[in-house]
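Chain residues, written in single-letter form:
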Number of protein chains: 2
Amino acid sequence: MKSIPILLMGCGGVGRQLLDHIVSCRSLHSNLGLALRVVGICDSSSLIVVNDAVKMELNDDSLKKICTIKSTGSSLSSMVELGSCHIFRDSEARRKVVDIAGLLGRSTGLVVADCSASSETLDILRQAAGLGCCIVLANKKPLTSKLEDYENLISNIRRIRFESTVGAGLPVIAAINRVLSSGDPIYRIVGSLSGTLGYVMSELEDGKLLSHVVQDANDLGTQNQCLFIKEFFDLFNFKNPRDDLSGMDVARKALILSRLLGQQINLEDIKVDSLYPEEMGPKSMSIGEFLNRGLPILDKDVGEKIKMAASKGNVVKYVCIIEGLRCQVGLQELPKDSPLGRLKGSENVVEIYSRCYKESPLVIQGAGAGNDTTAAGVLADIVDLQDLFK
Amino acid sequence: MKSIPILLMGCGGVGRQLLDHIVSCRSLHSNLGLALRVVGICDSSSLIVVNDAVKMELNDDSLKKICTIKSTGSSLSSMVELGSCHIFRDSEARRKVVDIAGLLGRSTGLVVADCSASSETLDILRQAAGLGCCIVLANKKPLTSKLEDYENLISNIRRIRFESTVGAGLPVIAAINRVLSSGDPIYRIVGSLSGTLGYVMSELEDGKLLSHVVQDANDLGTQNQCLFIKEFFDLFNFKNPRDDLSGMDVARKALILSRLLGQQINLEDIKVDSLYPEEMGPKSMSIGEFLNRGLPILDKDVGEKIKMAASKGNVVKYVCIIEGLRCQVGLQELPKDSPLGRLKGSENVVEIYSRCYKESPLVIQGAGAGNDTTAAGVLADIVDLQDLFK
């Protein structure tokens, strides 16, 4: 049996779901000769870790307890200590993570899985990578920081996986890496990479107003009225809907793909069309003002774009285009009867054009958001690293 | 620099293209820290191999010479010996392959890449796997032999890759393995997996007769009139068009996928709808008779199916369906406006349904045939094995 120690950073929705998957896959992984051994879990302020990371692991009862506590919104630091574990806080927690990375990285190996949405993890990840650890990311931020940091982080390309940063569990990055490693040059990628914006554009196509789509989902989400809306609510970042509507989430995904293709660019080099103007940004409007006063002002403009497109048999989608030295994200008028134009709801689609996939692009399509799917992608990445473990 | 020794079995279209890709990817792979080292090449009767497989390799000039000779249809055995190489024939060639597998399998490692279309390679592959070699297959036959052989061959699942057996270079098997390893159970796969039958059904949809489609392609292919037809000609097995039209090629692909999902079945357990009746089979008709006398008899029946479907807004495609304990391949009436129904030309598409991909299946689509794409898939598989090499 091959043992894969895991240290999880971030135990919100995706991280919690990952722990749940790990527990429910015990016998499946055992059949594959794998024992996934969670040795520590961090949230933004604390780390809970087994006393002896070389030999011990958080057992399934402990993992379930941690999931329960995190699902109530509490911090790990509020936990009564579990048997044979310690809780560390703040800078002590960070130091301890690096200690464990050093201890396991060069001996049995360690996967540091970043399921947070924080830009604060980069430094720890870099140190862990330098200490011989494997890195698995659902978090886009460490890969979309400045180019130098990116190149440093991926310098040992076999020890890092980040499938879930683009299209959740969809094998977009795996497919791109396969095409590139066979010497088939990719010259163009076009994709719809945001479950949220996909949903919003679909609703607008059905004649709804932008302000209503966002508000309705917000209201229904709060009341938790139906599963679909619940799922959409999970997708949509209601703490700050502007993160999605600004296009910055899509721009980060586009940056990850463009860097895979060898574009040496930074986030600010991407041409990003925001769905709202700067004067409705966080510096000028509260979220309440944005929802109630800002969005309705945008309804007319957006609605006209959609109608104009429809009059030509087209639809409007929020897409990314990566081609040559160009990387841009924004609204694009597309034939209704094209793979991108036909997209409904929160589905993602990516079209990859290369020498082998010139006339018919390699198309990958499917649910591209949600904690379950994202965590499944992280778990597949961890399993994919198994040959690096003893 | 990590060295990956390769022994290639089969140097027809796909094998030759693989050698070509290996040569043209030298600097790309070198940047990834990889040196792909071809130590030997077999065709159906002979093996050309370097004198010292531990240290030497066939250099690029030799590889190019071999490609040139094979492209003329000659056998390897007709070669004037290249410097520092030996040629072995028949049973001696087979013994020598096993010798090399034993020598390298347990020391530096060896990839045995089967790009033949032969059912005769199974025994050597099994021995090589038992000797610690990695196996990469474009050849479907070894995986579609009886269940016991299959289970034996894939018993060390990390040392075998066979992406190019289904959908050529499309990452169908990689995607399925990712979904399965994350504990997300796949309950249904529907696909159009034959470039040839995809093309034929597309042409029938446009109102052509079955006999004309096959004959036209045959005639034009012989005259090599245009690139598209040339490509189709490469796809279609004109030595025996019945192999494709019988559905057996699709059945083999379906068997590979169904076994991946855990179905313990054999080829004869699959319900296969052939496009021609048994009395037009190889035992009763020559290929000439089949083309000139057999096919025209089928035109009416097939044409009526297509018309009937069209009158309901549907199209007819040749698909595989894998679900529960069921695995079948045959003609299926589908809505014109569905991913499968929209398929044109020789494109492949696979829809994967699982817990995560329930409402929106995971769809993989693109060119699913051709030597270039198939060889690219084999090369990506080889690169994917790199962590098992020193």
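Residues numbered from 1 in each chain as written. Chains lettered and ligands numbered in written order. Predicted model: local features only at pLDDT ≥ 70, side-chain atom pairs only at ≥ 80, totals over all residues. Heavy atoms only, no water.

What follows concerns the domain arrangement of chain A. Residue and element names in this part refer to chain A. Here the domain parsing of chain A yields domain 1 (2–168 + 372–388) and domain 2 (181–366). Between the C-alpha centres of domain 1 and domain 2 there is a distance of 29 Å. For the domain 1 and domain 2 pair, buried surface summed over both sides reaches about 1,200 Å², with 66% attributable to carbon and sulfur atoms. A per-residue breakdown of the area domain 1 buries against domain 2 is headed by Thr 144, Leu 147 and Val 166, which together make up 43% of the total. Put simply, domain 1 and domain 2 have one salt bridge between them. The partner of Asp 249 in a salt bridge is Lys 140, and the shortest N-O contact between them spans 3.3 Å. Run the count over domain 1 and domain 2 and you get six residue pairs in polar contact (both at pLDDT 80 or more). Each residue belonging to the side of domain 1 that touches domain 2 can be placed in one class, and the counts come to five nonpolar, four polar and four charged. (Domains from an automatic or database assignment. Buried area = accessible area lost by both parts, 1.4 Å probe. Salt bridge = Lys/Arg side-chain N within 4 Å of Asp/Glu carboxyl O. Polar contact = N/O pair within 3.5 Å; in protein donor to acceptor, adjacent residues only side chain to side chain. Nonpolar A, V, L, I, M, F, W, Y, C, P; charged D, E, K, R; others polar.)

Another aspect to go through is the nonpolar core. Judged by nonpolar contacts, the single largest core of 242 residues is most densely connected at Ile 41 and Leu 257 of chain A together with Ile 41 and Leu 257 of chain B. Among all residues touching Leu 257 of chain B, those that are not within four sequence positions of it are Val 166, Val 172, Ile 173, Ile 176, Ile 189, Leu 193 and Ile 322 of chain B. (Core = buried A, V, L, I, M, F, W, Y, C linked by side-chain atoms within 4.5 Å. Buried < 20%, exposed > 50% of the residue type's maximum accessible area, 1.4 Å probe, protein only. Contact = heavy atoms within 4.5 Å.)

Rotating chain B by 180° and translating it 0.0 Å along the rotation axis places it on chain A, where the RMSD comes to 0.0 Å. What the rotation and shift describe, once combined, is the action of a two-fold rotation axis. In terms of C-alpha distance to the rotation axis, chain B has Ile 364 of chain B as its closest residue, with the C-alpha 2.4 Å off the axis. Residue by residue, 100% of the interface of chain B is reproduced at the interface of chain A, so both copies engage with the same surface. (Least-squares fit on C-alpha atoms with pLDDT ≥ 70 in both.)

Let us now look at unusual backbone geometry. Residues and elements named next belong to chain A. Even without being glycine, Asp 90 reaches a positive phi, approximately 50°. Position of Asp 90 relative to the elements: it lies in helix α4 (residues 90–105). Classification of Asp 90 by relative accessible area gives exposed; the value is 51%. (Helix = DSSP H or I, 4+ residues; strand = E, 2+ residues; numbered from the N terminus.)

Time to look at the sheet that holds strand β1 (residues 2–9) of chain B. Residues and elements named next belong to chain B. Strand order in the open sheet made by the seven strands is β4-β3-β2-β1-β5-β6-β7, with mixed pairing throughout. Two strands lie at the open edges of the sheet, namely β4 (85–89) and β7 (160–161), each paired on one side alone. Relative to β4, strand β3 (residues 46–50) runs antiparallel, the two being bridged by five bridges. Counted as the bridge partner of Ser 46 is Arg 89 from β4. (Pairing = 2+ DSSP bridges.)

What follows deals with the pairing of strand β8 (residues 186–192) of chain B. All names here are of chain B. Where burial is concerned, most of β8 is hidden: five out of the seven residues are buried. As paired strands, β8 and strand β12 (residues 347–354) are joined by six bridges and run antiparallel to one another. The residue of β12 that forms the bridge with Ile 186 is Ser 354. In terms of strand pairing, β8 meets strand β10 (residues 314–323) through four bridges, oriented antiparallel. Paired with Val 190 across the bridge in β10 is Ile 321.

Here the focus is the confidence of the model for chain A. All names here are of chain A. Averaged over all residues, the pLDDT of chain A is 91; the fraction at 70 or higher stands at 94%. Below pLDDT 50 for its whole length, residues 221–231 participates in 10 contacts with residues either more than four positions away or in separate chains. For this predicted complex, the interface confidence reaches an ipTM of 0.94, while the overall pTM sits at 0.94. (pLDDT = per-residue confidence, 0-100.)

On to the sheet that holds strand β8 (residues 186–192) of chain A, then. Reading across the sheet, the 12 strands line up as β9(A)-β11(A)-β10(A)-β8(A)-β12(A)-β13(A)-β13(B)-β12(B)-β8(B)-β10(B)-β11(B)-β9(B) and stay open at both edges, with mixed pairing between neighbours. In the strand order of this sheet, the two ends are held by β9 (271–272) of chain A together with β9 (271–272) of chain B, each with one partner. On top of the sheet, helix α13 (residues 287–311) of chain B reaches β10 and β11 (326–335) of chain B; it is set at about 95° to β10 of chain B, its chief contact. (Axes fitted to C-alpha atoms, helices over the stretch in contact; angles between N-to-C directions.)

What follows deals with the side chain of Arg 178 of chain A. Position of Arg 178 of chain A among the secondary structure elements: in helix α7 (residues 172–181). Overall, the relative accessible area of 12% leaves Arg 178 of chain A in the buried class. Not counting residues up to four positions away in its chain, the partners in contact with Arg 178 of chain A are Glu 163, Pro 171, Ala 174, Gly 377, Ala 380 and Asp 381 of chain B.

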